[in-house]
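Residue strings, one per chain:
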There are 2 protein chains.
Amino acid sequence: MEPTDDETGPALPPVIAAAWGLRERAPKGPRPGLTLAGIVAAAVALADAEGLAAVSMSRVAKELGAATMALYRYVGAKDELLTLMVDATFGEPPDPGGTGPDWRAGLAGWAWAERAALQRHPWVVRVPISGPPLTPYSLSWLENGLRCLAGTGLTETEKMSVMLLLSGYVRSDALLTAQIQEASAASGRRMDEIMPEYGQLVARVADPARFPALRKVISAGVMNQEDGPDDEFVFGLDRLLDGVEALIRSRTAT
Amino acid sequence: MEPTDDETGPALPPVIAAAWGLRERAPKGPRPGLTLAGIVAAAVALADAEGLAAVSMSRVAKELGAATMALYRYVGAKDELLTLMVDATFGEPPDPGGTGPDWRAGLAGWAWAERAALQRHPWVVRVPISGPPLTPYSLSWLENGLRCLAGTGLTETEKMSVMLLLSGYVRSDALLTAQIQEASAASGRRMDEIMPEYGQLVARVADPARFPALRKVISAGVMNQEDGPDDEFVFGLDRLLDGVEALIRSRTAT
DNA sequence: CTCCTTCTGCGTATGTCATACGCTTAATTG
DNA sequence: CAATTAAGCGTATGACATACGCAGAAGGAG
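Criteria and thresholds
- Residues numbered from 1 in each chain as written.
- Chains lettered and ligands numbered in written order.
- Predicted model: local features only at pLDDT ≥ 70, side-chain atom pairs only at ≥ 80, totals over all residues.
- Heavy atoms only, no water.
- Helix = DSSP H or I, 4+ residues; strand = E, 2+ residues; numbered from the N terminus.
- Buried < 20%, exposed > 50% of the residue type's maximum accessible area, 1.4 Å probe, protein only.
- Contact = heavy atoms within 4.5 Å.
- Areas by Shrake-Rupley, 256 points an atom, 1.4 Å probe, with all protein chains shown as cover.
- Lys, Arg positive; Asp, Glu negative; His and termini not counted.
- Charge placed at Lys NZ, Arg CZ, Asp CG, Glu CD.
- Buried area = accessible area lost by both parts, 1.4 Å probe.
- Salt bridge = Lys/Arg side-chain N within 4 Å of Asp/Glu carboxyl O.
- Near = heavy atom within 4 Å.
- Polar contact = N/O pair within 3.5 Å; in protein donor to acceptor, adjacent residues only side chain to side chain.
- Nonpolar A, V, L, I, M, F, W, Y, C, P; charged D, E, K, R; others polar.
- Expected span 1.5 Å × (residues − 1).
- Axes fitted to C-alpha atoms, helices over the stretch in contact; angles between N-to-C directions.
- Parallel < 35°, antiparallel > 145°, perpendicular 65-115°, else oblique.
- Least-squares fit on C-alpha atoms with pLDDT ≥ 70 in both.
- Domains from an automatic or database assignment.
- Core = buried A, V, L, I, M, F, W, Y, C linked by side-chain atoms within 4.5 Å.
- Phe/Tyr/Trp six-rings, centres within 6.5 Å; stacked < 30°, edge-to-face > 60°.
- Lys NZ or Arg CZ within 6 Å of the ring centre and 35° of its normal.

### Some remarks on the overall build of chain A
Assigned secondary structure in chain A consists of 10 helices and zero strands. The order of α-helices and β-strands along chain A, N terminus first, is α-α-α-α-α-α-α-α-α-α. With respect to the principal axes defined by its C-alpha atoms, chain A has extents near 75 × 55 × 30 Å. In chain A, which comprises 254 residues, the proportion classed as buried is 45%. Counting only contacts in chain A whose residues sit at least 6 apart along the sequence, the fraction spanning at least 24 positions is 70%. Entry remark: accessible area of chain A is about 12200 Å², with carbon and sulfur atoms responsible for 57%. Side chains of chain A give 24 positive and 32 negative charges; the mean places of these two sets differ by 4 Å.

Shown next as structure tokens:
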């Protein structure tokens, strides 16, 4: 179960190979009673139902009717299980990523879909990510995003940077939403009470003389307005895509 | 040590009050042998030297020559200590946030400074954040950022959204950098080897027929180019500020 | 000066967790 | 049928956060 590191390149973590279906099962030995996919699915269901904190190796094993240590035949460490859990929640990206001419609509759809996936499984943003994506679904999403940028005059480096920027933004937004949900659950208040309360706390703590701009924001009622949670996302997404559009236009003009 | 929840508003977590210097020491009882600031400073030093994983309550206490449980007189839970650690690493923002007319230069400077702070303490991006900022330095940074936007025609809500967008971006970028550092430390390879290796792994795992756009990026050598790590940051920052500029221009034009 | 209140430091105990190690046993091949 | 290989898993280890309650210090009240 060592990472394979032959002359063709660097080590491929075994669990990643397994996720891509590249694991050749040895002909000898007892047949496996569990599957990697089954373990991941059980862990995802558990996280959905009781939160990421409930996902311990022993708890997942119990859910499967197996012993804790049985899982380690499929997964080298809990870390790897978490990586696969995240990948599983994304699933196949929604759409062939049409090579249609409208890159902007394509990327916007991509962002909305990723956001939806993250909101279906709010714990995903709490998983500490260990590196750039190598898992099947994650790469599928990246692929589809990149396809949207095919017709633009951007360099490959720029395309990648745009995807990095966009996925980072979606993640940031989802993190914020998740925080509000958690704060609501922890304090027992309704979700639409969290931000107004935050505004009050800031007002109590921030001296108007030292924090004039901040106080102005608060007293303008920014935290109290009844905005659908989508408004914030729309704003950032529009800004971001405007920035990309400016670049593309300058490229096309040249 | 209960959160105070009087008629003036919602509960202010006691450790936040302490961080703002709002704690009135009781006249009775033995004098405290530790200080909250000292505990936080020790924890930050420990995280800087040995990483976030080394920061356990017992380890921090040992660093101070105190017993583990002594810390709980100053901090309700480890979570709170982490929040204060993050705040401490930011420190006072660099510059009065001049109300000069050039919002763009101001915000860019803000972003670079925040990025520098995060890179001085790479573990900060690994701290699970529990909610919107309430700590002194965090709010100072927010204040200074907001001031940059004073002259623009943006609404208060929009200003806040811009700051959210920008700080999320800086954080995302710092997270990526931290991941590369961690991967480098874990695998023993040099930091500039990590991305090329990632490219090779993707090439090994992603079938060209199913991932054409991704393969095109890889084979264009995107992962191999000798880019200063700043290039990525510059690109995203420019896009982002371009997007904000487009909005401001449309506002001013009206 | 003395007692009482109040708060600090901290020893101990508890429950949880990830995971290393090695035994047993089931498939399969020769 | 014997040898091989890997699956399931029981046990043990060490780390961790933190609840609880005691002992002693500091100051105020009488």
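### Thoughts on the interface of chain A and chain B
Opposite the 69 residues of chain A that make contact, chain B presents 67 residues. Carbon and sulfur atoms supply 67% of the area buried between chain A and chain B, which totals about 6000 Å² over both sides. Among the residues of chain A in contact with chain B, Pro10, Arg204 and Val205 of chain A are the three that bury the most area, contributing 11% of the side total. In this assembly, chain A and chain B are joined by two salt bridges. Counting only elements with at least two residues in the side of chain A that touches chain B, the list comes to helix H6 (136-148), helix H7 (156-187), helix H8 (191-205), helix H9 (212-219) and helix H10 (229-253) of chain A.

### Points about the protein's contact with DNA strand C
Taken together, 26 residues surround DNA strand C, and among them Pro27 and Lys78 of chain A together with Pro30, Gly33 and Arg73 of chain B come closest. Each atom of DNA strand C within 4 Å of the protein belongs either to a base or to sugar and phosphate, the latter forming 55%. Gly33 of chain B has a polar backbone atom sitting 2.4 Å from a phosphate oxygen of DNA strand C. By residue class, the composition of the surface near DNA strand C is 15 nonpolar, five polar and six charged.

### What about helix H10 (residues 229-253) of chain B?
Turn by turn, an α-helix covers 3.6 residues, leaving residues three or four places apart pointing in a common direction. Relative to the 36 Å expected for 25 residues at 1.5 Å per residue, H10 of chain B spans 37 Å between its end C-alpha atoms, a close match to the ideal helical length. All of the buried residues along H10 of chain B are Phe233, Phe235, Gly236, Leu237, Arg239, Leu240, Leu241, Gly243, Val244, Leu247 and Ile248 of chain B. In this structure, the buried residues of H10 of chain B make contact with H7 and H10 of chain A together with helix H5 (103-120) and helix H7 (156-187) of chain B.

### Concerning the packing of helix H2 (residues 36-50) of chain A against helix H3 (residues 57-64) of chain A
Geometrically, a packed helix pair is captured by the angle between its two axes and the distance between the axes. Residue and element names in this part refer to chain A. Direction vectors running N to C along H2 and H3 enclose 110°, while the axes themselves pass 9 Å from each other. Comparing their axes, H3 and H2 come out roughly perpendicular. Counting all contacts with H2, which are made through Gly38, Ile39, Ala42, Ala43, Leu46 and Glu50, the residues of H3 involved are Arg59, Val60, Glu63 and Leu64. Broken down by class, the residue content of the contact of H2 with H3 amounts to six nonpolar, one polar and three charged.

### Quick word on the relation of the copies chain A and chain B
The two copies are related by a screw motion: chain A maps onto chain B through a turn of 180° and a shift of 0.0 Å along the axis, at an RMSD of 0.0 Å. Both copies are brought into coincidence by an operation consistent with a two-fold rotation axis. Every residue of chain A has its C-alpha some distance from the rotation axis, and the shortest such distance is that of Gly243 of chain A, at 2.0 Å. The overlap is high: 97% of the interface residues of chain A also sit at the interface in chain B, so the same surface is used on both sides.

### Overview of the domain arrangement of chain A
Residue and element names in this part refer to chain A. As assigned here, chain A comprises domain 1 (14-89) and domain 2 (91-188 + 224-253). Contacts between domain 1 and domain 2 engage 16 residues on the former and 15 residues on the latter. Across the domain 1 to domain 2 interface the summed buried area is about 1400 Å²; carbon plus sulfur atoms make up 68%. Considering only the surface of domain 1 that becomes buried against domain 2, Trp20, Asp87 and Thr89 emerge as the three largest contributors, covering 41% of it. The interface formed by domain 1 and domain 2 contains zero salt bridges. Linking domain 1 to domain 2 there are eight residue pairs in polar contact (both at pLDDT 80 or more). Among the secondary structure elements, those contributing two or more residues to the side of domain 1 that touches domain 2 are helix H1 (14-19), H2 and helix H4 (78-90). With nine residues, H4 is the largest single contributor of residues to the side of domain 1 that touches domain 2. Here the residues of the side of domain 1 that touches domain 2 are counted per class, giving 11 nonpolar, two polar and three charged.

### Re the nonpolar core
Nonpolar side chains tend to gather and get buried jointly when the protein is soluble and globular. Counting 155 residues, the largest nonpolar core has Met85, Leu107 and Leu139 of chain A together with Met85, Leu107 and Leu139 of chain B as its most contacted members. No other element matches the 10 residues that H7 of chain A contributes to this core. Setting aside residues no more than four positions away along its own chain, Leu107 of chain B makes contact with Gly145, Cys148, Leu149, Val162, Met163, Leu166 and Leu241 of chain B.

### Quick notes on the side chain of Thr89 of chain A
Residues and elements named next belong to chain A. Structurally, Thr89 is set in helix H4. Separated by 2.6 Å, the side chain of Thr89 and the backbone oxygen of Val86 make a polar contact. Not counting residues within four places of it along the chain, the set of residues in contact with Thr89 comprises Val44, Ala117, His121, Trp123 and Val124.

### Structural notes on the side chain of Glu156 of chain B
Here Glu156 of chain B shows up in helix H7. If we ignore the near neighbours within four places in the chain, the residues touching Glu156 of chain B are Ala213, Lys216, Val217, Ala220 and Val222 of chain A.

### A closer look at the packing of aromatic side chains
With the rule as written, the count across this model stands at 10 aromatic pairs over all chains. Plain terms: the ring middles of Trp110 of chain B and Trp141 of chain B are 6.1 Å apart, the flat faces sit at 70° to each other, and that makes the pair edge-to-face. Taken together, the residues Trp110 of chain B in helix H5 and Trp141 of chain B in helix H6 (residues 136-148) connect sequence positions 31 residues apart. Trp141 of chain B matches Trp110 of chain B in its accessibility class, with the two residues each being buried. Residue placement shows Arg115 of chain A over the ring face of Phe233 of chain A; its charged tip is 4.5 Å from the ring centre. A cation over an aromatic ring shows up here: Arg239 of chain B above the ring of Phe235 of chain B, its NZ or CZ 4.8 Å from the ring centre.

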